[in-house]
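Residues per chain are reported as follows:
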Amino acid sequence: MDLTLKIWRQKNASSKGKFVTYKVNDISPNSSFLEMMDILNESLVVKGEDPVAFDHDCREGICGACSLYINGRPHGPDAAITTCQLHMRRFKDGDTIVIEPWRARPFPVLRDLIVDRTSFDKIIQAGGYISVNTGGIPDANAIPIPKINADLSMDAASCIGCGACVAACKNASAMLFVSAKVSQFALLPQGKVEAAERVQAMVAEMDRLGFGNCTNTGACEAECPKEISITNIARMNREFLCSKIGAPKVKIGAGGF
Amino acid sequence: MALKYSSITKKVIMALAGLFLISFLIVHLSINLLILKNDNREAFNLAAHFMVTNPLIQTFQWVLFGGFILHILIGILLQIQNWLARPKRYKVEGYSHTSFFSKFMIHTGIVILALLALHLVNFFFKAKFGEIPSVMINGEHYEDMGILVIEKFRSLPFVLIYVFWLIFLGFHLDHAFHSALQSLGLNHSKYTPVAFGLSRVLAILIAGGFILIPVLVYIS
Ligand code: HEM
Ligand code: SF4
Ligand code: FES
């Protein structure tokens, strides 16, 4: 396949950046999208130019590093996959492909297509954990947990922190990511103990970092490679409201959280 | 002060105000439809009289103003924050699968707001402070609000502006009811699909019902 690529090039965090057009020829439809990028980069290196910088690590859909915004969609045209799971057979010979970095104020571009997603780590540091040592492995049924809750919690925990939800949202909102992290704990007895403090601390950090608000458009859910559902957002709103109305006043940052 | 509220609290206030506005629209529409009754506007005028004199309704009118103002101010504030969250836009965007009208809430909202001014000047302020011809119903004098409405809707441009306005209200309402429930944390595997359907039904019935009035008055 012969393709035209329009790729965002930016030297460093403070430079302006622009789109540069490249041609790649004889790409196998069976190669992956990232292999196509590798072929482009090899040709650039041979020509003595800087290769296009992009994030990647596992290349099997589990680390969430491969953050490319392809033809107007995070991770390209297929549903429920990361960029490294995208194959060139999804495109047609002669296609023009526009490749951009995630765009959000809390995700500044570091270089070319790489963005800084430290903001997500900061949200986790604000409360996405259990603050006691959980000790050894307990007997399987020592704490009864309804199957449905175990399943929902596991679904929420499958979020890989890729940031596609933020990239897809017209408001650059991180509600899907934060709600998945809040839900995976809130659904289990061990996580319930600190649920009120957790949801308030994580939402406060999300707002402080400058992510947008949720308009319930559903773009995040449609683009999430792990199919995290927006029912998690409703659960987070519920947890948040109950913690504000029902629980004692929470002092964020007063210790623990 | 609203700046200090969390994003979720702001959305909860919007949702509560929005739901209240929907309930107001339903009451407003039920009264308006009375004007289509072939009784010399009697039922409509009696209902209008009740609305401007009943003390409970008069108190609720202030709640309604408050709700409108909160909904509009927080809506604009949220939108500004949302724009600021993405200072650099994409070259190609908008291909993700989303509910269509949800992307245009601020735009449909602003159309509603702009023409609301016209609506208030033409009917609400007239009813409150203007001179209105009176009619006799059951031997008593009542203000003839009905004739005011009918006279206005004799003009084609006026009818067209109203229809345009109400279509945008319909667009806004399409992403209103179910979105408000989601903001309040009310999501359920059984009932959420029903709420989606109900949202669309409400949008069509409310906007359609209101549109019926200027159109039928103009035709007759
Ligand atoms: C009678 C008229 C109106 C009704 C019944 C109504 C109802 C609603 C409802 C129920 C929502 C969903 C709230 C949620 O998602 O939690 C909403 C959202 C919204 N409304 Fe209205 N609204 C009306 C007028 C307006 C006006 C005049 C504006 C002017 C700016 C406006 C701006 C917005 C915006 C921006 C949103 C989306 C907020 C967001 O999620 O980011 N609305 N409306
Ligand atoms: S919720 Fe989905 S899209 Fe968002 S960070 Fe987690 S895995 Fe990625
Ligand atoms: S490189 Fe790890 S998910 Fe794509």
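As the structure is a prediction and not an experimental result, all values here were calculated from the model. (Residues numbered from 1 in each chain as written. Chains lettered and ligands numbered in written order. Predicted model: local features only at pLDDT ≥ 70, side-chain atom pairs only at ≥ 80, totals over all residues. Heavy atoms only, no water.)

**Notes on the overall build of chain A**
Then, in step 1: When its secondary structure is counted, chain A shows 9 helices and 7 strands.
Then, in step 2: Relative to its 257 residues, chain A shows a buried fraction of 51%.
Then, in step 3: Of the contacts made within chain A by residues no fewer than 6 positions apart, 70% connect residues no fewer than 24 positions apart.
Then, in step 4: Working note: accessible area of chain A is about 11,600 Å², and carbon and sulfur atoms make up 53% of it.
Then, in step 5: Computed over 29 positive and 28 negative side-chain charges, the inter-centroid distance for chain A is 7 Å. (Helix = DSSP H or I, 4+ residues; strand = E, 2+ residues; numbered from the N terminus. Buried < 20%, exposed > 50% of the residue type's maximum accessible area, 1.4 Å probe, protein only. Contact = heavy atoms within 4.5 Å. Areas by Shrake-Rupley, 256 points an atom, 1.4 Å probe, with all protein chains shown as cover. Lys, Arg positive; Asp, Glu negative; His and termini not counted. Charge placed at Lys NZ, Arg CZ, Asp CG, Glu CD.)

**Some thoughts on the nonpolar core**
Then, in step 1: If you look at the biggest cluster of nonpolar residues, it comprises 44 residues, and the most contacted ones within it are Ile123, Val166, Val178 and Phe211 of chain A.
Then, in step 2: Those elements that provide at least two residues to this core are helix 2 (118-127), helix 4 (164-168), helix 5 (175-186), helix 7 (195-208) and helix 9 (231-245) of chain A together with helix 1 (7-33) of chain B.
Then, in step 3: With 6 residues, helix 5 of chain A is the single largest residue contributor to this core.
Then, in step 4: Of the residues that make up this core, three or more belong to each of domain 1 (3-111) and domain 2 (118-245) of chain A. (Core = buried A, V, L, I, M, F, W, Y, C linked by side-chain atoms within 4.5 Å. Domains from an automatic or database assignment.)

**As for the coordination of the iron atom of ligand 1**
All names here are of chain B.
Then, in step 1: Coordination of the iron atom of ligand 1 by the protein comes from His71 (NE2) and His172 (NE2), over a distance range of 2.0 Å.
Then, in step 2: Its 6 donor atoms give the iron atom of ligand 1 angles of 88 to 179 degrees at the centre, a pattern that matches the octahedral case. With His71 in helix 3 (residues 55-84) and His172 in helix 6 (residues 156-174), this residue pair connects regions lying 101 residues apart in the sequence. (Donors = N, O, S within 2.8 Å, 3.2 Å for Na, K, Ca; no water. Tetrahedral: all angles 85-135°; square planar, octahedral: opposite > 155°, others 65-115°.)

**Topic: the environment of Val217 of chain B**
All names here are of chain B.
Then, in step 1: Here Val217 is to be found in helix 8 (residues 192-219).
Then, in step 2: You can call Val217 buried: its relative accessible area is 11%.
Then, in step 3: Considering only alpha carbons, one finds Val217 and Arg154, 63 residues apart in sequence, at a separation of 7.3 Å.
Then, in step 4: Dropping the residues within four chain positions of it, Val217 is found in contact with Ile150 and Phe153.

**Concerning the interface of chain B and chain A**
Then, in step 1: Listed as interface residues are 36 residues of chain B and, on the opposing side, 48 residues of chain A.
Then, in step 2: Of the roughly 3,200 Å² buried between chain B and chain A on both sides combined, carbon and sulfur atoms contribute 54%.
Then, in step 3: Counting the surface chain B buries against chain A, the share from its top three residues, Ile8, Arg86 and Tyr90 of chain B, is 20%.
Then, in step 4: At the boundary of chain B and chain A, one finds 0 salt bridges. (Buried area = accessible area lost by both parts, 1.4 Å probe. Salt bridge = Lys/Arg side-chain N within 4 Å of Asp/Glu carboxyl O.)

**A closer look at the site of ligand 2**
Residues and elements named next belong to chain A.
Then, in step 1: Taken together, 13 residues are adjacent to ligand 2, and Cys159, Cys162, Gly163, Cys165 and Cys224 come closest.
Then, in step 2: With respect to the pocket detection grid, ligand 2 is positioned in the second largest cavity.
Then, in step 3: Looking at the shell around ligand 2, the elements that each hand over two or more residues are helix 4 and helix 5.
Then, in step 4: Tallied by class, residues from the shell around ligand 2 come to 11 nonpolar, 2 polar and no charged. (Near = heavy atom within 4 Å. 1 Å grid on protein atoms, 1.4 Å probe; cavity = no way out; pocket = protein on both sides within 12 Å on 5 of 7 lines; lining within 4 Å. Sits in = over half its atoms within 2 Å of the grid points. Nonpolar A, V, L, I, M, F, W, Y, C, P; charged D, E, K, R; others polar.)

**Looking at the domain arrangement of chain A**
All names here are of chain A.
Then, in step 1: Under the domain assignment used here, chain A contains domain 1 (3-111) and domain 2 (118-245).
Then, in step 2: The straight-line distance from the C-alpha centre of domain 1 to that of domain 2 is 29 Å.
Then, in step 3: In total, domain 1 and domain 2 occlude about 1,400 Å² of area from one another, counting both sides; carbon and sulfur atoms represent 59% of this.
Then, in step 4: Counting across the domain 1 and domain 2 interface gives 1 salt bridge.
Then, in step 5: Close ionic contact of Glu223 with Arg73 constitutes a salt bridge, the shortest N to O distance being 2.8 Å.
Then, in step 6: Residues belonging to the side of domain 1 that touches domain 2 are distributed by class as follows: 10 nonpolar, 4 polar and 3 charged.

**With respect to the confidence of the model for chain B**
All names here are of chain B.
Then, in step 1: This prediction gives chain B a mean pLDDT of 94; 99% of its residues lie at or above 70.
Then, in step 2: Per-element confidence in chain B is highest for helix 7 (residues 177-183), whose mean pLDDT is 98, and lowest for strand 1 (residues 134-137), whose mean pLDDT is 87.
Then, in step 3: Note on the complex model: pTM 0.95, ipTM 0.93. (pLDDT = per-residue confidence, 0-100.)

**Overview of helix 6 of chain B**
All names here are of chain B.
Then, in step 1: Between its first and last C-alpha atoms helix 6 spans 27 Å; for 19 residues at 1.5 Å apiece the expected length is 27 Å, and the two agree.
Then, in step 2: Those residues of helix 6 lying buried are Phe158, Val159, Tyr162, Val163, Trp165, Leu166, Leu169, Gly170, His172, Leu173 and Asp174.
Then, in step 3: Turning to helix 6, the residues buried within the fold contact helix 1, helix 3, helix 4 (105-129), helix 5 (145-152), helix 7 and helix 8. (Expected span 1.5 Å × (residues − 1).)

**As for empty space enclosed by the protein**
All names here are of chain A.
Then, in step 1: Within this structure, the stated rule accounts for 3 cavities of 30 Å³ or more.
Then, in step 2: If you go around the largest cavity, you meet 14 residues; those closest to its centre are Cys169, Ser173, Cys214, Thr217 and Cys220.
Then, in step 3: If you list the elements that add at least two residues to the lining of the largest cavity, you get helix 5 and helix 8 (219-223).
Then, in step 4: Class assignment of the residues belonging to the lining of the largest cavity gives a composition of 8 nonpolar, 6 polar and no charged.
Then, in step 5: Considered as a void within the structure, the second largest cavity measures approximately 80 Å³ in volume. (Points joined across faces, edges and corners; volume = space filled by probe spheres on them.)

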